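Results of the structural survey
Residues per chain, in single letters:
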Amino acid sequence: MIKHIVVVGSGVMGRGIAYVGAVGGYAMTVVDINESALQNAKQEIDNIFEKGLSRGKISLDQVKQARQNLSYESDLPKAALNADLIIEAVPEIMAIKKQVMETIEEHASSHCYFATNTSTMSPTEIASFGKRPEKTIAMHFFNPVHKMPLVEIVRGLETSDETAQRIREVAEKMGKETVVINEFPGFVTSRISALVGNEAFYMLQEGLGTPEEIDKAVKLGLNYPMGPFELGDLVGLDTRLNNLRYLHEKLGEKYRPAPLLEQYVKAGRLGRKSGKGVYDYTIVEELVTK
């Protein structure tokens, strides 16, 4: 039975997974080698609790219990020792994922399951860095984790039926809807999202319309909850570019990144996390603080 879950990486996705896991009743340990990042994650999780309380999304008793379920650790080998499930939520760079997988393989117990929160990369390849491919799978959460209802569960070549079922149960206990699919680059959602987001950048590059007009057309004409530029800025344009490069390598020309997207990333315009992406968020922050 899965009771204790370790999340490796305290960024936007890692802390979101930790939050929904704690609310779902799991003992959650957030691991990051950067102590400052851990403190930031704790603060952001507390902010989510406070907003949920103020909006009636969660009760005070639930908040108290969930906070008791959370712990923070900078020592991954130590955290891995007592884990029933380890979810890596590190950047979409295979070398980093390889390092994490090799470390947890060395220190985790034999009964522990491994999950990768990749949005595009191969769970089969990631499983090859350990010695338990039958217990390794992808859990693709969506940003923001506490609001988005879906977890895309992706089986690798050797993932067992038992693992797929057990991980589906975990996601459902976290309050999520699930789909269980077989591995292919980009899965379902990332392939579609990458195409739409990349095409929007080509449109902007061609002068077809402003970001506001393109986002509005997609939202109202296609009933998307967010426009492609709004979503790209939220996810991170660097993350979007990395995903496109991977899909371009694996699936061909239709995923070639728009040159304008590459320019934005080179300029440090990464989206909300840098204060400026397609849109300028520093202006909004200045208005809020005044």
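Residues numbered from 1 in each chain as written. Predicted model: local features only at pLDDT ≥ 70, side-chain atom pairs only at ≥ 80, totals over all residues. Heavy atoms only, no water.

So, the packing of helix H8 (residues 189–206) against helix H10 (residues 228–235)
- It is the contact of H8 with H10, at a shortest axis distance of 9 Å, that shows an interaxial angle of 115 degrees. Our classification of the angle between H8 and H10 gives roughly perpendicular. Considering only the axes of H8 and H10, their crossing is left-handed. Contacts between H8 and H10 involve Ser193, Val196, Gly197, Ala200, Phe201 and Leu204 on the former and, on the latter, Pro228, Phe229 and Leu231.
- Considered class by class, the residues forming the contact of H8 with H10 number seven nonpolar, two polar and no charged. (Axes fitted to C-alpha atoms, helices over the stretch in contact; angles between N-to-C directions. Helix = DSSP H or I, 4+ residues; strand = E, 2+ residues; numbered from the N terminus. Parallel < 35°, antiparallel > 145°, perpendicular 65-115°, else oblique. Left-handed = near helix turned anticlockwise from the far one by under 90°. Contact = heavy atoms within 4.5 Å. Nonpolar A, V, L, I, M, F, W, Y, C, P; charged D, E, K, R; others polar.)

Description of a positive patch on the surface
- There is a patch of like positive charges on the surface, built from Lys51, Arg55, Lys57 and Lys147.
- Tracing the backbone shows Arg55 in the loop between helix H2 (35–54) and helix H3 (60–69). (Patch = residues over 30% accessible without salt bridge, like charges linked within 9 Å, V, L, I, M, F, W, Y side chains within 5 Å. Areas by Shrake-Rupley, 256 points an atom, 1.4 Å probe, with all protein chains shown as cover. Salt bridge = Lys/Arg side-chain N within 4 Å of Asp/Glu carboxyl O. Lys, Arg positive; Asp, Glu negative; His and termini not counted. Charge placed at Lys NZ, Arg CZ, Asp CG, Glu CD.)

Thoughts on the nonpolar core
- Ranked by size, the top nonpolar core spans 40 residues in total, and within it Ile86, Ile104, Phe201, Phe229 and Leu261 carry the most contacts.
- For this core, the secondary structure elements donating two or more residues are strand E1 (4–8), helix H4 (76–80), helix H5 (94–107), H8, helix H11 (237–251) and helix H12 (259–266).
- In terms of residues, this core owes the most to one element, H11, which gives five residues.
- If we skip the residues at most four places from it in the chain, Phe201 touches Phe229, Leu237, Ala258, Leu260, Leu261, Tyr264 and Val278.
- Ile87, Ala89, Ala164 and Val170 belong to the second largest nonpolar core, which has 36 residues in total. (Core = buried A, V, L, I, M, F, W, Y, C linked by side-chain atoms within 4.5 Å. Buried < 20%, exposed > 50% of the residue type's maximum accessible area, 1.4 Å probe, protein only.)

What is shown is where atoms sit, not what they do.
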